[in-house]
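Remarks on the overall topology
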Amino acid sequence: MRRHTNARVPEVPAQEPSKGEYRLHIDSLHAESDKLQKLYGSPGLNAIYGAGCTIRPRVMFVFMNPTARNVSAQLTWNGIRAPWLGTRIVWRLFQQLDLLTPELFQLTQHLAPAEWSPDFAQSLYTHLARQRVYITNLAKCTLNDSRPLPNAVFKRYVALLHTEVDSTIPEVIVTFGNQVSSVLLGRPVSVAASSDALHHFHTKRVMTKVIPTYYPVGQGVRNMPLAVARLRPLLAT
């Protein structure tokens, strides 16, 4: 049975927009994401943007494409549009990587989707920004079912991801799953064979490293311990 909670959403200190410290989105990318949603996403759903630390994050996490269970995919949502809002499993990964406070983590696990508010979403991603973490999907299009996207669709988003990297300048990129890792790097990648592999990645402005790892949600949830083991040393440095 789903547990509900009336726990207080933690307050976030007032931001100072002039410093840009907690600018959670790269607004200049939204129009292209919205255009591609009309081509590849389901009608009546929003594209989901990347969010978190937008100025030199220590790590950019790149997932596949958004789930329709994300509450910010709904057209009635009036908060930030960010990955995994209203879901539970992926936050266990971030908790095991020591990226969430106990209070924030418990709220992600006990709030029903309808109880996720724009204020809580803002608090959660502001905390991740403080941890110098940025989370995105390679494809930003939201589908109303779980059918896999073909490589051809993911490839339409590679240029947008390059711009996202150029705009944020992450120290390292973590890609989840064989498909995302292979499409982004432009060559076949097996995460099982990449335990010690760092892949060099170039854009117009940035030369950085890519670490492929196991996809930790959906059918890949059983691989979450393997993903955590690979990523813990990265985040400890």
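Bear in mind the structure is a predicted one, so any value in this text is a computation, not a measurement. (Residues numbered from 1 in each chain as written. Predicted model: local features only at pLDDT ≥ 70, side-chain atom pairs only at ≥ 80, totals over all residues. Heavy atoms only, no water.)

**Overview of the overall build of the protein chain**
Threshold: Helix and strand assignments come from DSSP, with helices taken as H or I runs of at least 4 residues and strands as E runs of at least 2, each series counted from the N terminus. Here the globule rule is a power law, 2.2 Å times the number of residues to the power 0.38, and the radius of gyration is based on C-alpha atoms. Each residue is placed in one exposure class: buried if its accessible area under a 1.4 Å probe, protein chains only, is under 20% of its type's maximum, exposed if it is over 50%, and partly exposed if it falls in between. In these tables, accessible area is a Shrake-Rupley quantity obtained with a 1.4 Å probe, and a residue counts as shielded only by the protein chains included in the view.
Counting its regular elements, the protein chain contains 8 helices and 6 strands. What you see in the protein chain, going N to C, is helices and strands ordered as α-β-β-α-α-α-β-α-α-β-α-β-β-α. For 237 residues, the compact-globule formula gives about 18 Å, and the C-alpha radius of gyration of the protein chain, at 17 Å, lands near that figure. Based on the C-alpha atoms only, the size of the protein chain along its principal axes is roughly 50 × 45 × 40 Å. Going through the 237 residues of the protein chain one by one, you find that 56% of them count as buried. If you sum the accessible surface of the protein chain, you get close to 11400 Å²; carbon and sulfur atoms cover 52% of it.

**Comments concerning the environment of valine 153**
Heads up, the condition is: Any two residues whose heavy atoms approach within 4.5 Å at even a single point are treated as in contact.
Relative to the elements of secondary structure, valine 153 occurs in helix α5 (residues 151-156). Given a relative accessible area of 10%, valine 153 falls into the buried group. Sequence spacing of valine 153 and isoleucine 89 is 64 residues, and the spatial spacing of their C-alpha atoms is 25 Å. Among residues more than four places away in sequence, those in contact with valine 153 are Tyr40 and Cys141.

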